[in-house]
Amino acid sequence: MHALAPLILALSGLPALLIGAWVSRAGDPRSRGMAVHWVLIGLAIQAGAVGLYWAGDDDRLAQGSVIAMVVLVNALIVSMVLQLRRHGKRQ
């Protein structure tokens, strides 16, 4: 039963990976950077699920894993937004 939360977390990271694959197909010059960010977000969520599963019943390890995942995902989102602002509008 302790594998249910990591499984749900891993499944919730799959859309980010799919969005990364979808965005990479666009011909826009910004699409490659956005695709890399989306894939990294998905991989960070997957790594958080593995860390949560690995922590098992240890609450301190589980909390550390989730906090690290949340910080990494938010940092990647901020990085993506800053990259989009830096490159300006499409022409």
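Before reading further, recall that the structure is shown in the block above.
What you see is a predicted model, and the numbers here were worked out from it, not measured in a lab.

Student: Can you walk me through the overall build of the protein chain in this structure?
Tutor: A tally of regular secondary structure across the protein chain gives three helices and zero strands. The N-to-C order of helical and strand elements in the protein chain reads α-α-α. C-alpha atoms of the protein chain, sized along the principal axes, occupy 50 × 20 × 10 Å. Across the 91 residues of the protein chain, 33% fall into the buried class. For the protein chain, restricting intrachain contacts to residue pairs at least 6 apart in sequence, the fraction spanning at least 24 positions comes to 69%. Only carbon and sulfur atoms are counted for the fraction: they give 68% of the accessible area of the protein chain, which is about 6500 Å². Seen as two clouds, the 8 positive and the 4 negative side-chain charges of the protein chain have centres 26 Å apart.

Student: Would you explain the packing of helix α2 (residues 31–55) against helix α3 (residues 59–87) in this entry?
Tutor: In the contact formed by α2 and α3, the axes pass within 8 Å of each other and the chain directions differ by 175°. Between α2 and α3, the angle is such that the two are roughly antiparallel.

Student: Could you clarify how one ought to interpret the side chain of Ser 31 in this entry?
Tutor: With respect to the helices and strands, the residue Ser 31 is situated in helix α2. Ignoring any residue separated from it by four or fewer positions in sequence, one finds Ser 31 in contact with Val 23 and Ala 26.

Student: Explanation requested: the environment of Ala 21 in the structure shown.
Tutor: Among the secondary structure elements, Ala 21 is positioned in helix α1 (residues 4–23). The class for Ala 21 is partly exposed, based on a relative accessible area of 41%. For the pair Ala 21 and Leu 52, spaced 31 residues apart in sequence, the C-alpha to C-alpha distance is 26 Å.

Student: Explain α3 to me, please; I cannot follow it from the model alone.
Tutor: Count 3.6 residues to each turn of an α-helix, and residues three or four apart come out pointing the same way. Helix length check: α3, at 29 residues, gives a terminal C-alpha distance of 42 Å against a target of 42 Å (1.5 Å per residue), a fit within 8%. What α3 keeps buried is the set Ala 62, Ser 65, Met 69, Val 73, Leu 76, Met 80 and Gln 83. Its side-chain oxygen 3.4 Å from the backbone nitrogen of Arg 60, Asp 58 forms the N-cap of α3.

Calculation criteria
Residues numbered from 1 in each chain as written. Predicted model: local features only at pLDDT ≥ 70, side-chain atom pairs only at ≥ 80, totals over all residues. Heavy atoms only, no water. Helix = DSSP H or I, 4+ residues; strand = E, 2+ residues; numbered from the N terminus. Buried < 20%, exposed > 50% of the residue type's maximum accessible area, 1.4 Å probe, protein only. Contact = heavy atoms within 4.5 Å. Areas by Shrake-Rupley, 256 points an atom, 1.4 Å probe, with all protein chains shown as cover. Lys, Arg positive; Asp, Glu negative; His and termini not counted. Charge placed at Lys NZ, Arg CZ, Asp CG, Glu CD. Axes fitted to C-alpha atoms, helices over the stretch in contact; angles between N-to-C directions. Parallel < 35°, antiparallel > 145°, perpendicular 65-115°, else oblique. Expected span 1.5 Å × (residues − 1). Polar contact = N/O pair within 3.5 Å; in protein donor to acceptor, adjacent residues only side chain to side chain.

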